[in-house]
Amino acid sequence: QVQLVESGGGLVQAGGSLRLSCTASGRILSSSTLGWFRQFPGKDYEFLAGIRWMSDSSYYADSVKGRFTISRDHAKRTVYLQMNSLKPEDTAVYFCARTSSTNWGSRRAADFGSWGPGTQVTVSS
């Protein structure tokens, strides 16, 4: 069973950047896909980006394409989310989660499991 822990959140001014990290411990299948989501208060999870655990293949939500970049360092067992040109409306709790290879390309939170506890990102205007 894999455990995921997010880090790197914090307070940033509009226009700034943050890099979030998601570090995996425990057993993670090589065929896994790791995804980033965010959640606004009282709202459902919003998919942001996904990447294969064993390759650089990735996919994005249209809402963040060009501003956010997902990457991974397999040796460090870590997946990153580089967020640039941040806006106050990006303020949310950010989560990473895992899904199987059969769900490659999925943007549905219900298809992902092993969620981390989340990290808060606050963008001030």
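Residues numbered from 1 in each chain as written. Predicted model: local features only at pLDDT ≥ 70, side-chain atom pairs only at ≥ 80, totals over all residues. Heavy atoms only, no water.

Enquirer: Would you mind showing me how to read the state of the cysteines here?
Expert: Disulfides are covalent bonds that link the sulfur atoms of two cysteine residues. For the structure shown, the criterion picks out 1 disulfide. Across the disulfide, Cys22 is cross-linked to Cys96 (sulfur-sulfur distance 2.0 Å). On the sign convention where negative means left-handed, the S-S torsion of about 70 degrees between Cys22 and Cys96 marks this disulfide as right-handed. Here Cys96 lies in strand S9 (residues 92–99) and Cys22 lies in strand S3 (residues 18–26), a separation of 74 residues in the sequence. The buried category is assigned to Cys22, whose relative accessible area is 2%. (Disulfide = S-S within 2.5 Å. Helix = DSSP H or I, 4+ residues; strand = E, 2+ residues; numbered from the N terminus. Buried < 20%, exposed > 50% of the residue type's maximum accessible area, 1.4 Å probe, protein only.)

Enquirer: How should the pairing of S9 be read in this particular structure?
Expert: On a regular strand, each side chain points to the face opposite its neighbour's, so the side chains alternate between the two faces of the sheet. Of all 8 residues making up S9, 7 are buried, and the element is well covered by its neighbours. In terms of strand pairing, strand S4 (residues 33–39) meets S9 through 7 bridges, oriented antiparallel. By the bridge assignment for S9, Phe37 is matched with Phe95. (Pairing = 2+ DSSP bridges.)

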